[in-house]
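Now for the letters of each chain:
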Amino acid sequence: MKKDCAMTKDAEMKDDIRFIRARQRWSTDNRRRNAMLTLIAVGLVCGALFLASRFADEYQIRILNMVAIYITLAVSYNLINGITGQFSLEPNAFVALGAYSASLMTMTPLEKEMNFIIDPCVPWLAHICVPFLPAIIIGGLTAAVFALFMGFPVFRVRGDYLAIVTLGFGEVIRVVANNMQTVTNGPLGLKGIALYTDLRWTWGLALVTLFVIVRLVNSSYGRALKAIRENELAAESMGINSFRHKLLAFTVAAFFEGMAGAMLAHLITTISPMLFTFFLTFNLLIIIVLGGLGSLTGSVIAAIAFTWGSELLRAVEEPTNVFGWFTIPGIPGMRMVIFAVLLIAAMLFWREGIMGRKEFSWQWFLGLFSRREKGAKIV
Amino acid sequence: MTIHLFLQQLINGLGLGSLYGLIAIGYTMVYGILRLINFAHGDVMMMSTYFAFFGISVFALPWWAAALVAMALTALLGITIDQGAYRPLRQAPRISALITAIGVSFFLENVSLVVFGSRPRPFFRPEIFRPIWHFGGITVLSLTVYTILITLALLVVVYVVVYKTRMGMAMRAVSKDMQTVPLMGIDLNRVIAFTFGFGSALAAIGGILWAMKYPQIEPLMGIVPGLKAFVAAVLGGIGNVFGAVLGGFILGITEIMLVAFWPELSGYRDAFAFLLLILVLLFRPTGIMGEDLPE
């Protein structure tokens, strides 16, 4: 009996070893395959965008640009709120910081002189003029540096307090932008920013953001962030320094949000403090909630759906003619009511959102097509 | 001269602070019981001013009757929001309720933008609140004095309700331990509904006094007072009704003094409350009069 048992154990072990080797081979193969597929997908997206840039009209290209900017913003916002589980309400601050710092970099001294009509611009800014790429990076870095300093007081509180303190920071940034006449031109804002942003820039940034954040989430840092989300105390007792990890997530997110802000400024070419109210954060909040708090894939899908959807919803604000019989008057402001109802309804009835916490994987995608692989459950 | 100026600003600050305090009571009671920041509270206050406005202008009610009707309607609105939006989420993670509260706040703001329009409307200031009184060198609008007196009177009412009635006892019990309370035969939902109704009615009084002070109303008027009242509640110690009023006074006075003595900083007035909030949370998270709440 005993001998029997030992023999089976031995056989089992051999089996195990064979299985593990097979799995290793399989997973390297898979990784190669997945990388290829991802590259192909990126290629397809680029091809589609190239076609769009040739044949789509200006309005559609503008929506495509906004889609990419919202993808960048939503994915980085989800890194803090969904992956790390630190519910915060500050992206409008980082977007504003990025937008203002990048615009002040790219504007020529002449344009600055024309903008700052009430008070002249401070001398150290008045004569700077740099190309777009360094300006974007400066925009991102400004937001990141600010996030780093902001993180120290902010991450000493948790939960609801974190939400309200970060909301407060967003307001403070807006108030400062409204009042620092010599730096931000106050409530007048900045006009005549060069139109540098096009599809290459916005989608390039969106892809880079996705690449970096997906890699971050799948690294040991990402697992630590998720551990903090699930149970901060347990994570701490496993040796994870939760403060440093939160700060890391916050700074990385702020960097990308700042760059997205820079893109936004050079797309709409006119910025003012009114643009960066809590409303912007609210839109992003709807996106990440609908996409699923904690799913980057969900954020991408929801960002696309939200941006297109909010354009389609413009119909409710314009008069609609029903078969030429009568006209339904448009109700201005109705879109925001619909968004608010959408958020409440999602929270009450559909808290998972589109993706919950699941992510897109090629394994799952291919499984849709081949019946054979559906049964195979090798991870 | 300076002492006069100081006293003048002090009474202005007290007037503003009472308004913050009245709104803050609602925040602090809801937070004390549900651990939920009711983001929509400032907008509930805004709705109350519109109720009163239509009571006066459309239904031709005398101002005090309009105020009473507005209080009742606002209380009803508060209870409806709780039952419709927050009650299904009692067992959900707390963040879900917070997100819903943000949604409700946006909903109220935008529905009123659609229904009432974004144009500010003039608000009626009754005869007894109009005279301007002079005490020595100080000039005060009678409304400011009445506001402070009404706040102090309501504080007594709040004290009686929270510490001398069965409902108040139940409220305090819920804030200590929500799980045990239903086991003691107390209807949890009634207690929570009462809290929302009571807090909203107080916010209605604050809102109507606010509207009489700046005599105009608009759909987004609730945001900033709402946030500042929350800061006042944290400053005073969240969960403590007296703390909320004290925090309101401190916030109102410091804000007015800041603007009065450093006029060049007046643009930063709205940022100041948040800096204060951050400082409080850093150095004394429980506020001035607060005790540690169970998480």
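In this text, all values refer to a predicted model and were calculated from it rather than measured experimentally.

## Remarks on the overall build of chain B
Part 1 of the reasoning: Scanning chain B from N- to C-terminus turns up 11 helices and 4 strands.
Part 2 of the reasoning: The C-alpha radius of gyration computed for chain B amounts to 19 Å, which stays within 12% of the reference 19 Å derived for 295 residues, consistent with globular compactness.
Part 3 of the reasoning: For chain B, the proportion of its 295 residues judged to be buried stands at 56%.
Part 4 of the reasoning: Restricting the contact set of chain B to residue pairs at least 6 apart, pairs at least 24 apart contribute 75%.
Part 5 of the reasoning: A total of about 12400 Å² of accessible surface is found on chain B, and carbon and sulfur atoms cover 70% of it.
Part 6 of the reasoning: Taken as two groups, the 17 positive and 13 negative side-chain charges of chain B have centres that lie 7 Å from each other.

## Details of the overall build of chain A
Part 1 of the reasoning: The helix and strand inventory of chain A stands at 18 helices and 2 strands.
Part 2 of the reasoning: Dimensions of chain A, computed from C-alpha atoms along their principal axes, come out at roughly 95 × 60 × 40 Å.
Part 3 of the reasoning: Here chain A holds 379 residues, and the buried ones make up 47% of them.
Part 4 of the reasoning: In chain A, once contacts between residues fewer than 6 apart in sequence are set aside, the share between residues at least 24 apart is 79%.
Part 5 of the reasoning: By element, 67% of the accessible surface of chain A is carried by carbon and sulfur atoms, the whole surface being about 19600 Å².
Part 6 of the reasoning: The distance from the centre of the 34 positive side-chain charges to the centre of the 25 negative ones in chain A is 10 Å.

## What about the interface of chain A and chain B?
Part 1 of the reasoning: Facing 38 residues of chain A, the contacting portion of chain B comprises 38 residues.
Part 2 of the reasoning: Taken together, both faces of the contact between chain A and chain B bury some 3300 Å²; the carbon and sulfur share is 83%.
Part 3 of the reasoning: Three residues stand out in chain A for area buried against chain B, namely Asp160(A), Tyr161(A) and Ile164(A), and they jointly supply 21% of the buried area on that side.
Part 4 of the reasoning: Every element with two or more residues in the side of chain A that touches chain B is listed here: α7 (159–179), α13 (278–291) and α16 (334–349) of chain A.
Part 5 of the reasoning: With 13 residues, the single largest contributor to the side of chain A that touches chain B is α7(A).

## Description of the pattern of salt bridges
Part 1 of the reasoning: Evaluation of the coordinates by the stated rule reveals 12 salt bridges over all chains.
Part 2 of the reasoning: Glu230(A) is the partner of Arg357(A) in a salt bridge, and the nearest nitrogen-oxygen pair spans 2.8 Å. Of this pair, Arg357(A) sits in the loop between α16 and α17 (362–367) while Glu230(A) sits in helix α10 (residues 220–230), placing them 127 residues apart in sequence.
Part 3 of the reasoning: Linking Asp270(B) and Lys228(B) is a salt bridge whose minimum nitrogen-to-oxygen distance equals 2.9 Å.

## Quick word on empty space enclosed by the protein
Part 1 of the reasoning: The full count for this structure, using the stated rule, is 2 cavities of 30 Å³ or more.
Part 2 of the reasoning: Quantified by volume, the largest cavity comes out at close to 40 Å³.
Part 3 of the reasoning: Lining the largest cavity are Glu171(A), Val224(B), Leu227(B), Lys228(B), Asp270(B) and Phe274(B).
Part 4 of the reasoning: Every element with two or more residues in the lining of the largest cavity is listed here: α9 (223–236) and α11 (269–283) of chain B.
Part 5 of the reasoning: Considering each element in turn, the lining of the largest cavity owes the most residues, 3 residues, to α9(B).
Part 6 of the reasoning: Looking at side-chain class alone, the lining of the largest cavity contains 3 nonpolar, no polar and 3 charged residues.

## Here we look at the pairing of strand β2 (residues 132–135) of chain B
The side chains of a regular strand alternate between both faces of the sheet.
Residues and elements named next belong to chain B.
Part 1 of the reasoning: Bridge analysis of β2 against strand β3 (residues 138–141) gives 4 bridges, and the strand direction is antiparallel. Within β3, the position partnered with Trp133 by the bridge is Val140.
Part 2 of the reasoning: Hairpin connection from β2 to β3: 2 residues lie between these consecutive antiparallel strands, with Gly136 at a positive phi of about 60 degrees.

## Focus on the domain arrangement of chain A
All names here are of chain A.
Part 1 of the reasoning: We note that the domain assignment places domain 1 (17–55) and domain 2 (58–285) within chain A.
Part 2 of the reasoning: The gap between the C-alpha centroids of domain 1 and domain 2 is 30 Å.
Part 3 of the reasoning: Each partner contributes to the interface: domain 1 provides 5 residues, whereas domain 2 provides 5 residues.
Part 4 of the reasoning: Surface buried jointly by domain 1 and domain 2 totals about 430 Å² across both partners, of which 91% is contributed by carbon and sulfur atoms.

## What about the packing of helix α1 (residues 2–34) of chain B against helix α8 (residues 188–213) of chain B?
Helix-helix packing is described using two parameters, namely the angle between the two axes and the distance between the axes.
Residue and element names in this part refer to chain B.
Part 1 of the reasoning: Between α1 and α8, whose axes approach to 9 Å, the crossing angle comes to 165 degrees. Taken together, α1 and α8 sit at an angle that is classed as roughly antiparallel. You can see that α1 and α8 cross each other, and the crossing is left-handed. Contacts between α1 and α8 involve Leu16, Leu19, Tyr20, Leu22, Ile25, Gly26, Met29, Val30, Ile33 and Leu34 on the former and, on the latter, Ile192, Thr195, Phe196, Phe198, Gly199, Leu202, Ala203, Ile205, Gly206, Leu209, Trp210 and Lys213.

## Considerations on unusual backbone geometry
Part 1 of the reasoning: If you check the backbone angles, Asn185(A) has positive phi at about 65 degrees while not being a glycine.
Part 2 of the reasoning: The topology assignment puts Asn185(A) in the loop between α8 (181–184) and α9 (199–217).
Part 3 of the reasoning: Overall, Asn185(A) belongs to the buried group, its relative accessible area being 1%.
Part 4 of the reasoning: Its identity as a non-glycine residue notwithstanding, Ala60(B) has a phi of 55 degrees, on the positive side.

## Quick notes on the side chain of Ser88(A)
Part 1 of the reasoning: By the secondary structure assignment, Ser88(A) is in the loop between α2 (58–83) and α3 (91–106).
Part 2 of the reasoning: Other than its neighbours up to four places away in sequence, Ser88(A) contacts Tyr77(A), Ile80(A), Asn81(A), Ala163(A), Thr166(A) and Phe250(A).

## Considerations on the packing of aromatic side chains
Part 1 of the reasoning: Here the structure, examined in full by the defined rule, presents 34 aromatic pairs over all chains.
Part 2 of the reasoning: With a centroid separation of 6.2 Å and 70 degrees between ring planes, the pair formed by Tyr70(A) and Phe306(A) is classed as edge-to-face. Residue Tyr70(A) is found in helix α2, and its partner Phe306(A) is found in helix α14 (residues 296–312); the two are separated by 236 residues along the sequence.
Part 3 of the reasoning: Tyr70(A) sits in the buried class, given a relative accessible area of 10%.
Part 4 of the reasoning: On the basis of an interplanar angle of 45 degrees and a centroid distance of 5.9 Å, the ring pair of Tyr159(B) and Phe242(B) is categorised as tilted. Residue Tyr159(B) is found in helix α5 (residues 142–164), and its partner Phe242(B) is found in helix α10 (residues 241–261); the two are separated by 83 residues along the sequence.
Part 5 of the reasoning: Owing to a relative accessible area of 24%, Phe242(B) belongs among the partly exposed residues under this scheme.
Part 6 of the reasoning: Of the aromatic side chains, those joined through ring pairs into one cluster are Trp63(B), Phe129(B), Trp133(B), Phe135(B) and Tyr146(B).

## Observations concerning α9(B)
Part 1 of the reasoning: When the terminal C-alpha atoms of α9(B) are compared, their 20 Å separation across 14 residues agrees well with the 20 Å that a helix rising 1.5 Å per residue should span.
Part 2 of the reasoning: Of all 14 residues that make up α9(B), 12 are buried, and the element is covered over most of its length.
Part 3 of the reasoning: Listing the buried residues of α9(B) in full gives Pro225(B), Gly226(B), Leu227(B), Lys228(B), Ala229(B), Phe230(B), Val231(B), Ala232(B), Ala233(B), Val234(B), Leu235(B) and Gly236(B).
Part 4 of the reasoning: Among the structural elements, α7 of chain A together with α1, α2 (41–57), α8, α10 and α11 of chain B are those in contact with the buried residues of α9(B).
Part 5 of the reasoning: In the stretch just after α9(B), Gly237(B) is the one whose phi turns positive, near 110 degrees.

Conventions adopted
Residues numbered from 1 in each chain as written. Chains lettered and ligands numbered in written order. Predicted model: local features only at pLDDT ≥ 70, side-chain atom pairs only at ≥ 80, totals over all residues. Heavy atoms only, no water. Helix = DSSP H or I, 4+ residues; strand = E, 2+ residues; numbered from the N terminus. Rg over C-alpha atoms; globule rule 2.2 N^0.38 Å. Buried < 20%, exposed > 50% of the residue type's maximum accessible area, 1.4 Å probe, protein only. Contact = heavy atoms within 4.5 Å. Areas by Shrake-Rupley, 256 points an atom, 1.4 Å probe, with all protein chains shown as cover. Lys, Arg positive; Asp, Glu negative; His and termini not counted. Charge placed at Lys NZ, Arg CZ, Asp CG, Glu CD. Buried area = accessible area lost by both parts, 1.4 Å probe. Salt bridge = Lys/Arg side-chain N within 4 Å of Asp/Glu carboxyl O. 1 Å grid on protein atoms, 1.4 Å probe; cavity = no way out; pocket = protein on both sides within 12 Å on 5 of 7 lines; lining within 4 Å. Points joined across faces, edges and corners; volume = space filled by probe spheres on them. Nonpolar A, V, L, I, M, F, W, Y, C, P; charged D, E, K, R; others polar. Pairing = 2+ DSSP bridges. Domains from an automatic or database assignment. Axes fitted to C-alpha atoms, helices over the stretch in contact; angles between N-to-C directions. Parallel < 35°, antiparallel > 145°, perpendicular 65-115°, else oblique. Left-handed = near helix turned anticlockwise from the far one by under 90°. Phe/Tyr/Trp six-rings, centres within 6.5 Å; stacked < 30°, edge-to-face > 60°. Expected span 1.5 Å × (residues − 1).

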